[in-house]
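These are the residues of each chain, in order.
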Amino acid sequence: MAMGARLCCSSILFVLVVLLLAATTMARGGVTSSFWRKSEATEDMPMDADVFAVPPGPNAPQQVHMTFGDKDGTAMTVSWVTMEEAGNSTVMYGRATDKLDMAADGNHTRYKYHNYTSGFIHHCTLTNLERGVKYYYAMGFGRTVRTFWFTAPPKPGPDVPFRLGLIGDLGQTAYSNSTLTHYEATGGDAVLFMGDLSYADKHPLHDNNRWDTWGRFSERSVAYQPWLWVTGNHEIDYAPELGETMPFKPFTHRYPTPHLASGSSEPYWYSVRLASAHIIVLSSYSAFTKYTPQYKWLEAELKRVNRTETPWLILASHSPWYNSNNFHYMEGEPMRVQFEQLAVDARVDLVFSGHVHAYERSFRVSNVKYNITDGRCTPVRDRRAPVYITIGDGGNIEGLANEMTQPQPAYSAFREASFGHAVLDIKNRTHAYYTWYRNDDGAKVAADTMWFTNRYHMPNHDDSATKQ
Ligand SMILES: [Fe+2]
């Protein structure tokens with residue numbers, strides 16, 4: 001072969017090797033977004049902000065919110081607060097505003113927290129809802145009546161589409177307001193909320209008036225669709241220095257969960273079946289080691305999942321198991337050690353978390369081979385394993401978590417320190433389109449999109465390795 005031809009072949013070979021190496025690197029490596037916000041002090045909106053306005057009228061119901069009242073969504077629990085007197089806890093509901101022909105009776109509670117006394121907190125469960133039907137509902141009878149509406153969730157089934165909103169660590173700053181406005185524009189059918197609601201505990205004496213402002217702020221969405229609550233560390237409100245030693249006191253009085261319907265002994269871990277998804281909520285701040293109620297419940301619950309009926313299996317916990325931000329680094333590790341093998345064995349599709357005030361998505365990875373003596377402690381690509389998404393970026397008083405570990409670990413596919421929200425658009429039993437929206441100074445921008453494929457129906461498809 002002539003020298004020129006040999007050189008030509010070598011050059012082509014060299015270019016091919018370079019291209020191959022580049023492609024391999026691209027396929028393997030994650031991305032740290034170049035979109036970079038500086039961390040600024042964030043303040044809660046002032047108490048007289050319009051989004052906190054008390055609804056007009058004597059003893060008007062306020063802070064209206066709803067969540068699942070049973071496991072499958074044929075019941076909804078509606079909650080609200082009256083400030084002047086208890087009034088009654090009845091909800092009238094029906095298919096038209098002038099035909100509220102069904103009634104449900106609830107009850108009310110109050111609590112004291114240090115120098116604060118709550119209003120009258122009402123809870124009322126509407127039952128026998130027909131699937132997919134729009135209902136109007138009203139409360140406040142005898143004084144000021146307010147009317148809202150919602151659509152009952154569809155009957156669970158393998159190809160039932162659903163748009164699930166994903167919000168975490170929301171708080172009540174101007175950024176929180178942007179996030180909620182953007183979510184409303186996105187238009188999900190329900191929200192899986194990843195914990196840390198009001199951040200009232202960041203104020204002196206855990207000022208519980210900030211629970212009330214948060215309730216009035218969030219009403220514009222959660223009075224019209226169910227939000228599923230994960231419990232965060234800012235819900236603990238354990239403050240012995242204030243004489244407050246009952247963990248989760250404000251949260252449990254205000255925000256019920258349907259835990260009894262899924263056989264859970266505590267409100268902090270439970271499950272629901274929503275359209276084609278089985279959603280399991282875990283508690284980072286309750287005992288979860290082997291033999292504890294949460295561990296035993298999760299073990300049993302995973303056996304109850306029927307993937308032919310609800311192919312999408314989703315877990316949620318406040319503290320992320322995979323997080324490469326310096327903030328809260330490794331805090332989720334104890335739960336990962338306890339639960340990851342269960343999640344991999346169950347072929348969980350997605351694990352959502354909050355807590356870290358930034359956004360991160362992992363590849364499909366697992367770290368279940370490590371057994372403390374074998375040294376195999378590096379997460380590896382694993383098509384059986386979930387994708388982990390941290391979405392604690394609602395925009396709260398603590399600001400952004402914008403210090404990431406360097407270099408970006410191999411398990412991390414995409415990370416960015418911005419506020420935002422996401423939506424999981426489940427299309428059918430095999431595909432779901434996922435979008436994370438960054439709050440971008442007034443507009444919302446789709447900054448991370450993925451087609452996820454189902455671990456039960458497409459177990460060998462590696463959907464997490466490449467952008468699609
Ligand atoms: Fe948190």
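Our subject is the structure listed above.
What this report covers is the structure whose coordinates are included nearby.

Calculation rules
Residues numbered from 1 in each chain as written. Predicted model: local features only at pLDDT ≥ 70, side-chain atom pairs only at ≥ 80, totals over all residues. Heavy atoms only, no water. Salt bridge = Lys/Arg side-chain N within 4 Å of Asp/Glu carboxyl O. Helix = DSSP H or I, 4+ residues; strand = E, 2+ residues; numbered from the N terminus. Buried < 20%, exposed > 50% of the residue type's maximum accessible area, 1.4 Å probe, protein only. Pairing = 2+ DSSP bridges. Right-handed = clockwise from strand over helix to strand, strands pointing away. Axes fitted to C-alpha atoms, helices over the stretch in contact; angles between N-to-C directions. Donors = N, O, S within 2.8 Å, 3.2 Å for Na, K, Ca; no water. Tetrahedral: all angles 85-135°; square planar, octahedral: opposite > 155°, others 65-115°. Contact = heavy atoms within 4.5 Å. Core = buried A, V, L, I, M, F, W, Y, C linked by side-chain atoms within 4.5 Å. Polar contact = N/O pair within 3.5 Å; in protein donor to acceptor, adjacent residues only side chain to side chain. Expected span 1.5 Å × (residues − 1). Bend = angle between axes of the 7 residues up to and from the residue.

### Things to note about the pattern of salt bridges
Inspection of every chain in the model, using the stated rule, returns 24 salt bridges. The salt bridge partner of Arg429 is Asp159, with a shortest N-O separation of 2.5 Å. In this pair, Arg429 is assigned in the loop between strand 24 (420-426) and strand 25 (431-440) and Asp159 in the loop between strand 11 (146-151) and strand 12 (162-167), connecting sequence segments 270 residues apart. Using a relative accessible area of 35% as the deciding quantity, one classes Asp159 as partly exposed. Arg455 serves as the salt-bridge partner of Asp463, at 3.6 Å between the closest nitrogen and oxygen. Overall, the relative accessible area of 0% leaves Asp463 in the buried class. According to the relative accessible area criterion, Arg455 is buried, its value standing at 1%. Taken together, the shared-partner salt bridges connect Lys71, Glu301 and Arg304 into one network.

### Notes on the pairing of strand 16 (residues 277-281)
Summarising burial for strand 16: 5 of the 5 residues are buried, a large majority. Of the two faces of strand 16, the one holding Ala277, Ile279 and Val281 and the one holding His278 and Ile280 are both buried throughout. Two successive antiparallel strands, strand 15 (residues 270-274) and strand 16, enclose a turn made up of 2 residues, where Ala275 displays a positive phi of approximately 55°. Here 5 bridges tie strand 16 to strand 17 (residues 312-317), and the two strands are oriented parallel to one another. The residue of strand 17 that forms the bridge with Ile279 is Ile314. This β-α-β element, strand 16 to helix 5 (residues 293-304) to strand 17, shows right-handed connectivity.

### Side note on the sheet that holds strand 11
Ordered in space as 5-4-10-11, the 4 strands form an open sheet in which the pairing is antiparallel. The open sheet terminates on both sides in strands that have one partner only, identified here as strand 5 (102-105) and strand 11. Taking the axes of each pair of neighbouring strands and ignoring which way they run, one obtains an average angle of 25° across the sheet. Sheet topology note: the strand 4 (residues 90-94)/strand 10 (residues 134-139) ladder contains 3 bridges and is antiparallel. What sits directly across from Gly94, in strand 10, is Tyr136.

### A few points about the coordination of the iron ion
Of the protein atoms, only Asp196 (OD), Asn233 (OD1), His318 (NE2) and His355 (ND1) coordinate the iron ion, at distances of 2.1 to 2.2 Å. The coordination sphere of the iron ion comprises 4 donor atoms, whose angles at the metal cover 90 to 168°; the geometry is irregular. In terms of primary sequence, the donors binding the iron ion are separated according to D-x36-N-x84-H-x36-H. On the criterion of sequence distance, the pair formed by Asn233 in the loop between strand 14 (227-229) and helix 4 (249-254) and His318 in the loop between strand 17 and helix 6 (333-345) is long-range, its members being 85 residues apart. Exposure remark for Asn233: the relative accessible area of 21% places this residue in the partly exposed category. Classification of His318 as buried rests on a relative accessible area of 0%.

### A short note on the environment of Thr67
Along the chain, Thr67 turns up in strand 2 (residues 62-68). Thr67 sits in the buried class, given a relative accessible area of 2%. Distance in space between the C-alpha atoms of Thr67 and Ala86 is 22 Å, their sequence separation being 19 residues. Residues within four places of Thr67 in sequence aside, it is in contact with Met76, Thr77, Pro226, Trp227, Leu228, Trp229 and Pro256.

### With respect to unusual backbone geometry
For the peptide bond that leads from Gln406 to Pro407, omega is -5°, which places it in the cis range. Inspection of the secondary structure puts Pro407 in the loop between strand 22 (387-391) and strand 23 (412-416). A positive phi is found at Asp237, a non-glycine position, where the angle reads about 50°. Along the polypeptide, Asp237 turns up in the loop between strand 14 and helix 4. Its identity is not glycine, yet His328 carries a phi of approximately 60°, on the positive side.

### Re the pairing of strand 11
Because side chains alternate across strand 11, one face comprises the buried residues Arg146, Phe148 and Phe150, and the other comprises Thr147, Trp149 and Thr151, none of which is buried. Bridge analysis of strand 10 against strand 11 gives 6 bridges, and the strand direction is antiparallel. What sits directly across from Tyr137, in strand 11, is Phe148. Between strand 10 and strand 11, which pair antiparallel and follow one another directly, the connecting turn spans 6 residues, one of which, Gly140, has a positive phi of 95°.

### Observations concerning the nonpolar core
Within the largest apolar cluster, 109 residues are counted, with the highest numbers of intra-cluster contacts made by Tyr137, Leu192 and Tyr434. Ala358, Ala401, Met404 and Ala417 belong to the second largest nonpolar core, which has 5 residues in total.

### Description of the environment of Ser218
Of note, Ser218 is situated in helix 3 (residues 209-222). The exposure class assigned to Ser218 is buried, which follows from its relative accessible area of 1%. Expressed as a C-alpha distance, the spacing of Ser218 and Arg361, which sit 143 residues apart in the sequence, is 26 Å. At 2.8 Å, the side chain of Ser218 forms a polar contact with the backbone oxygen of Trp214.

### Quick word on helix 3
Helix length check: helix 3 (14 residues) gives 19 Å between terminal C-alpha atoms against 20 Å at 1.5 Å per residue, within 8%. Along helix 3, the helix axis deviates most sharply at Arg216, where the bend reaches about 30°. The element helix 3 is extensively covered by neighbouring structure, given that 12 of its 14 residues are classed as buried. Of the positions making up helix 3, those classed as buried are Arg210, Trp211, Asp212, Thr213, Trp214, Gly215, Arg216, Phe217, Ser218, Glu219, Ser221 and Val222.

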